[in-house]
Every structure is written in C-alpha cells, then in structure tokens.
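Letter by letter, the chains look like this.
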Number of protein chains: 2
Amino acid sequence: MKATIYDVARRAQVSIATVSRVVSGRARVTEETRARVLEAVRELNYHPNPVAQGLALQSTRTLALIIDHFDSIYQAKIVAGAETEARAHDYHLLVQQVADLDGDKLRRLSGRIDGIIISGGASTDELLRAATEQSIHTVRLGSLVPDLRADAVVADNYKGAYEAMEHLIGHGYRRIAHIAGPESSPHGKLRAKAYHAALEDHAIPQPKEYLAHGDYTHESGFQAMVGLLELSEPPDAVFCADDLLAMGANLAVHELGYSVPNDVAIVGFDGLETGAYVTPPLTSVYQPIEQLGRVAVETLLWRMAHPDEELRETVLPTEIVLRRSCGCPAVSHVASSTAA
Amino acid sequence: MKATIYDVARRAQVSIATVSRVVSGRARVTEETRARVLEAVRELNYHPNPVAQGLALQSTRTLALIIDHFDSIYQAKIVAGAETEARAHDYHLLVQQVADLDGDKLRRLSGRIDGIIISGGASTDELLRAATEQSIHTVRLGSLVPDLRADAVVADNYKGAYEAMEHLIGHGYRRIAHIAGPESSPHGKLRAKAYHAALEDHAIPQPKEYLAHGDYTHESGFQAMVGLLELSEPPDAVFCADDLLAMGANLAVHELGYSVPNDVAIVGFDGLETGAYVTPPLTSVYQPIEQLGRVAVETLLWRMAHPDEELRETVLPTEIVLRRSCGCPAVSHVASSTAA
DNA sequence: CTGAAAGCGCTTACAG
DNA sequence: CTGAAAGCGCTTACAG
C-alpha cells in the first residue's frame with residue numbers, strides 16, 4: 001500500500017536512480033523528467049523510507065539524549081530544547097534513561113543513532129572510550145573533561161553560584177550555610193566550590209556544620225534545613241544548590257516558626273518559574289536550561305560535520321533573578337526578575 | 001571496523017543464514033555450530049545492525065511520543081514512564097513536539113516507528129484517519145473518541161475533580177469558583193464539567209463570574225485569582241484545573257493581603273510533589289502521570305500484537321491528597337497525604 | 001540442520 | 001542526463 005521508489009519509477013517511466021536523484025536533489029536532471037517524476041511522487045504520495053535510506057547512507061538522522069531519569073522540569077526543558085533544535089535540522093531525537101551507560105549499552109544503541117548527548121554524570125571515561133571506538137560523536141551536558149573526547153555544553157555554575165553568594169554577603173548576612181547537591185553531581189560540586197571561595201574571599205567564617213547535602217529534591221532540602229535550624233547558632237542565610245532544595249528549605253523555615261527572609265534568607269539555583277510562586281518568591285540563579293539542550297544538539301551536529309576540529313566547550317551565562325527570599329524588597333513576584 | 005554478519009559467518013565457517021539463526025534464536029541449530037557462532041560473535045563483539053534488521057523485518061522497534069511541548073514536569077513524567085516501559089520490552093522511544101500533527105507529518109515519521117502515543121488534544125479525526133491508512137497504531141493520552149480508531153489511556157478526571165469539589169463543599173464553602181484550563185484542553189473540560197455538576201448536585205449557586213480560565217501556567221492562575229478577588233462577592237474557595245494554576249492563585253491571595261485557607265481555600269489538580277512545598281501546602285487531586293506513560297506504551301504494544309481486538313480504554317484512578325490549602329488541619333506537609 | 005538466493009527500499013559509482 | 005548494477009546488513013522461504 002505504501003509507495004516505494006519502484007512504484008514511482010514505473011509510473012514516471014524512469015529508473016529508480018533517476019527518482020532518487022530528483023527526490024534527493026543531489027544531481028542534475030532534465031527539467032522535463034524531473035517534472036514527470038515529481039508528478040508521480042505527488043500522485044503516489046511517495047516518501048522515501050528512512051530506514052532504507054539509513055542503511056544505504058549509513059546515517060540515521062537521529063540523535064540520542066541520555067539522562068539518568070526524566071522526572072523533573074529540568075529534563076523536560078532539556079528535551080524541549082534538544083528536540084526543537086534537532087527538528088530544525090531534520091533530525092529526530094531518541095530519549096533514554098540510563099544512569100550507568102557503558103560500552104555495551106552504547107553499542108546496542110549505536111546502530112540507530114548518529115550521535116549522543118549525555119548528562120554529565122554518566123559520561124565516564126570508559127564510555128567515552130567506547131564511543132570513540134565506535135566513532136559515535138558525543139557531547140556532554142557538563143564541563144569538558146581532560147582526556148575525554150567529548151564536546152561540552154554547560155552553564156557557568158561557578159560564576160552563577162559566586163554571584164549568588166556575593167549577593168547574600170552584600171545583604172549583610174555573615175552566617176551563610178550551603179545545602180549542596182549530591183556528591184555525584186558535577187554541577188553541584190562547582191556550586192559548592194563557589195560557596196567556599198566567596199566566603200574565603202570575604203574572610204567570612206565557614207563552620208563545617210554549615211555545609212549540608214541534599215539530592216535535588218524538595219524533601220531533602222526540607223530535612224537539611226531542619227538540621228541547620230537546630231544548630232546552636234543557625235545560619236542567617238542559605239544558598240541552595242537548586243530550586244527544589246530551596247523550596248524544601250523554605251517550607252522548613254516556616255514549619256519551624258521562623259520567617260524568610262527575616263530570620264533566614266534563601267537563594268536557589270536554576271531560576272525556575274515555579275520559584276516565583278512560593279512564599280516568599282524565591283531568589284535564584286537562572287540558567288538557560290532549554291538553551292543548553294538546544295546548544296548541545298547544535299554542537300553535536302557541528303561535530304558530526306567537523307570530526308577533526310578540536311574540542312569545543314560552550315559555557316552559557318547565568319543570571320541572578322532577584323525576588324524576595326534573599327531580602328530584596330521586590331515590587332512584584334515577576335517584575336523584579338532581571339532575567340528575560 | 002564494526003563487525004557485520006559476514007565477518008561472523010566467515011570466522012565461524014558457516015553461512016550468514018546460520019549466524020542469523022543463532023543470534024535471533026528463531027530456529028534450531030546444532031549445539032556445535034551454535035557454539036562456534038557464539039564464539040565468533042563474542043570475539044568480534046558482533047551486534048546486529050538494527051537499521052538493517054528494521055528494513056528486513058519491516059519493524060523498527062521504536063515508538064514515538066508526540067506532545068505539543070515538553071516544558072513542564074507533566075511531560076517529563078510521561079516520558080519517564082513511557083521510556084521505562086518501552087525499554088523493558090526492548091523498544092526505543094522517539095519524542096517529538098508537534099501541536100498540529102497531520103497526515104503529512106505523520107507520514108514523514110511513519111517510516112521510523114512502529115506506533116505512536118499522542119497527547120489527547122492533537123489526535124484529531126484527520127490524524128487518526130491518516131494513521132489508520134498507514135496502519136500505524138496509535139494510542140491517545142486522553143479519552144476514547146467515538147469513531148476514532150485509537151486506544152486510550154487517561155486518568156479519571158471527572159471523578160477526581162468531583163471529589164475535590166465534594167471535599168470543598170464538605171468543608172462548608174458555598175462560594176466556590178473554578179479556574180479552568182484552556183478551552184482546547186479535553187482534560188480541562190472534564191474537570192470543569194465536574195465542577196458544575198457537583199455544585200448542581202448540592203444545590204449550590206454558581207454565578208458566571210466564578211468561572212475563570214487559565215492556560216495551565218502559574219501566571220495565568222495568578223491573574224485569574226486577582227480577577228476573582230476583585231469581585232464584589234469574592235469566592236471563599238477555588239478549585240483549580242491544575243497545580244500550576246493553583247500555585248499562581250495561591251500567591252495572588254497572599255499578594256492581595258488575604259490568607260489561604262482562611263479567606264479563600266484552594267485545591268489543585270495533579271498532585272505534584274512541588275505543591276507540598278508552597279505555603280500553605282497545596283491540597284490536590286493526584287493523578288499517576290508516570291503510570292499514564294507506562295500504560296500508554298503497554299497498550300500500544302498490546303495493540304501491535306492484536307490489531308483486531310476491539311478498542312481499549314484504560315482509566316486510572318485519581319486520589320485526593322489532603323494538605324492544608326483546603327482548610328484541613330494537617331500535621332505535616334507530607335504526612336497528611338493519602339496517596340502513597 | 002544448513003546454505004544459496006531473493007528481498008527489504010534506498011543510494012551512488014560506473015558506463016554510456 | 002540516465003540506466004544497470006552493486007552495495008548497505010540483515011531475514012527467511014526454499015531446497016537439499
């Protein structure tokens with residue numbers, strides 16, 4: 001029922017080679033034959049079978065996006081950006097949830113894709129070696145890693161976090177705690193590093209108890225904050241490694257009868273829209289998540305076209321969004337954001 | 001560099017047919033040859049090329065998930081569920097953002113997938129006709145539609161919304177408003193219908209001004225609530241078509257100097273975890289979003305195996321999660337939820 | 001049980 | 001410019 005290139009050739013009285021040429025536009029064809037072929041194509045509603053093309057061309061025109069778990073708005077936005085950019089270039093996007101991608105899993109996937117975008121944490125040394133061997137181009141959602149043959153796309157985690165800290169310090173807070181991400185998070189590590197550096201640079205003490213850990217969930221932020229508030233000298237400000245932690249922390253402050261930002265100020269990271277709707281609206285470091293997905297695809301496509309260029313790392317700027325949880329007297333929950 | 005079936009055959013001293021047989025396990029082979037082939041497979045690290053298999057078998061073992069835009073936690077969870085289930089059956093998942101999928105776009109996709117899961121709103125009459133013509137199996141994330149040849153997977157929107165209304169009525173509220181979803185949302189329509197029915201059944205007046213509309217964003221919920229509060233007789237409770245609307249509405253109440261739930265109670269829909277972390281924690285109708293994605297894939301796979309069975313609609317139950325925005329005196333932001 | 005061969009639907013040197 | 005043919009890497013009747 002589905003027309004093939006043979007059907008078109010027969011109807012247009014030409015060979016399949018000619019049909020292929022006019023459909024692909026990759027070679028000169030007489031205007032007259034071309035018209036005949038096009039006519040047949042339309043009549044039969046012919047569309048080349050992409051699988052057959054894939055076999056002949058050794059290219060699938062599909063990319064894979066690999067992230068350990070698709071369960072938060074972050075992943076949704078990465079997918080949104082990546083799919084949009086892929087589609088703009090006539091590529092398709094496959095998604096896969098794999099935390100521990102290895103050479104073997106990669107090999108099973110490799111036949112159906114031309115390249116992969118992989119969440120920073122899962123792109124291990126072994127994996128990249130395997131990818132290289134199978135000549136699968138790879139871009140990391142994360143920083144460049146020495147000796148790993150993978151381009152990188154990442155937000156400026158360190159700088160963003162540092163600015164958040166300077167903002168808190170500027171408000172006059174001097175007992176600043178940090179609820180960090182899990183140990184396994186490369187981004188989290190950079191944000192924690194900036195936390196320490198900013199305090200150090202401003203000669204502000206940083207007691208060990210002021211460093212707590214969560215796993216990027218609301219509840220872990222809640223728990224961490226409870227711990228912080230039970231300290232004999234609780235912090236007067238907390239910088240959280242992401243907005244979910246910050247929202248959890250914020251509720252904990254309320255639950256224990258304190259107030260944000262009067263008793264303790266809070267700043268998050270990600271700049272999620274939802275942060276504008278908690279009480280008080282959450283100050284946060286915005287990172288362009290959807291754009292990260294878009295640029296990752298862009299980079300991958302570029303790499304596929306230029307296999308021998310040197311590694312490229314794209315660092316996207318962050319921007320602090322001032323709302324009220326930091327102590328700023330904002331006019332409205334939306335108007336005060338500096339980000340577009 | 002990548003081993004093909006020919007390489008394996010040569011090494012094992014058999015024909016490619018035999019290699020295919022042992023690798024696929026679809027036919028009897030002497031234990032001895034089988035061992036030789038397996039040995040060669042291992043040595044060469046052979047994995048069949050899925051594209052070639054796809055061409056030969058006329059099946060790609062990949063499914064497409066089509067939703068207009070991947071930008072909220074809802075879509076992330078659908079992807080999570082769908083990909084998990086697909087992977088469990090050795091299928092892959094392609095995602096695509098298309099609001100107005102039509103026969104033509106479908107045809108371009110059809111060569112690379114065996115079936116599609118499509119967001120309710122986009123599965124029009126025309127589309128389904130096209131899908132049927134191309135014998136592409138389709139499952140709707142939404143209700144069954146008369147005369148449309150597509151299985152359906154959906155949460156019990158009507159019942160969930162009705163229960164939410166009864167809960168508010170049980171609290172004693174009598175001026176209950178509704179912030180509905182956009183006109184284009186099938187789910188939204190059902191929730192609005194339940195709103196009206198519950199009031200009707202309890203002989204509670206429902207002034208026109210109490211029906212507002214949003215587009216499932218925080219900000220539209222905020223604006224709608226502002227409008228409601230400016231009424232000469234503002235509502236004392238508001239049922240929102242989703243949690244984002246509810247969070248926006250909640251902030252609006254605070255911004256205008258009122259209190260939730262004392263001045264106006266709020267109930268949302270979706271039961272997002274994040275709703276537990278606003279102030280006050282949001283009562284909501286939980287729907288198993290990830291499971292919707294999982295069951296959609298399950299249904300699609302079942303349909304592919306049983307093309308002639310009659311249409312199937314799976315309705316998943318919702319469950320009201322009592323937190324504090326409705327007026328319930330909850331012990332903790334988490335402990336009071338009735339949902340697991 | 002095993003192999004030779006055709007077929008899945010394309011693309012692209014190679015001739016003419 | 002156009003066609004015949006080989007090739008992409010598999011699967012599966014059909015013989016033997």
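Summary of the structure given here. Because the structure is predicted, anything quoted here is derived from the model rather than measured.

Taken together, the neighbourhood of DNA strand D is formed by 29 residues, with Thr18, Arg21 and Thr30 of chain A together with Ile5 and Ser20 of chain B sitting nearest. Backbone sugar and phosphate groups make up 68% of those atoms of DNA strand D lying within 4 Å of the protein. One of the side-chain N or O atoms of Ser20 of chain B is found 2.3 Å from a phosphate oxygen in DNA strand D. By residue number, the principal contributor to the surface near DNA strand D is helix α4 (residues 50-57) of chain B, which donates 5 residues.

Turning our eyes to something else, we now look at the environment of Val22 of chain B. All names here are of chain B. Considering the arrangement of structural elements, one finds Val22 in helix α2 (residues 16-24). Considering only alpha carbons, one finds Val22 and Thr33, 11 residues apart in sequence, at a separation of 8.8 Å. Setting aside chain neighbours within four positions, we find Val22 in contact with Val29, Arg34, Val37 and Leu38.

In this complex, chain B contributes 59 residues to the contact, which on the side of chain A involves 60 residues. Across the chain B/chain A interface, buried area totals approximately 5200 Å², and carbon plus sulfur atoms make up 57% of it. Of all residues in chain B, His92, Arg112 and Tyr277 of chain B give up the largest surface area on contact with chain A, accounting jointly for 13% of the area buried on that side. Inspection of the region where chain B meets chain A yields 2 salt bridges. A salt bridge links Arg324 of chain A to Glu255 of chain B, with the nearest nitrogen and oxygen atoms 3.3 Å apart. Run the count over chain B and chain A and you get 26 residue pairs in polar contact (both at pLDDT 80 or more). Listed by contribution, the elements that provide at least two residues to the side of chain B that touches chain A are α4, α5 (73-88), β2 (92-97), α6 (103-110), α10 (218-229) and α11 (243-255) of chain B.

Reading the values: rules and limits
Residues numbered from 1 in each chain as written. Chains lettered and ligands numbered in written order. Predicted model: local features only at pLDDT ≥ 70, side-chain atom pairs only at ≥ 80, totals over all residues. Heavy atoms only, no water. Near = heavy atom within 4 Å. Polar contact = N/O pair within 3.5 Å; in protein donor to acceptor, adjacent residues only side chain to side chain. Helix = DSSP H or I, 4+ residues; strand = E, 2+ residues; numbered from the N terminus. Contact = heavy atoms within 4.5 Å. Buried area = accessible area lost by both parts, 1.4 Å probe. Salt bridge = Lys/Arg side-chain N within 4 Å of Asp/Glu carboxyl O.

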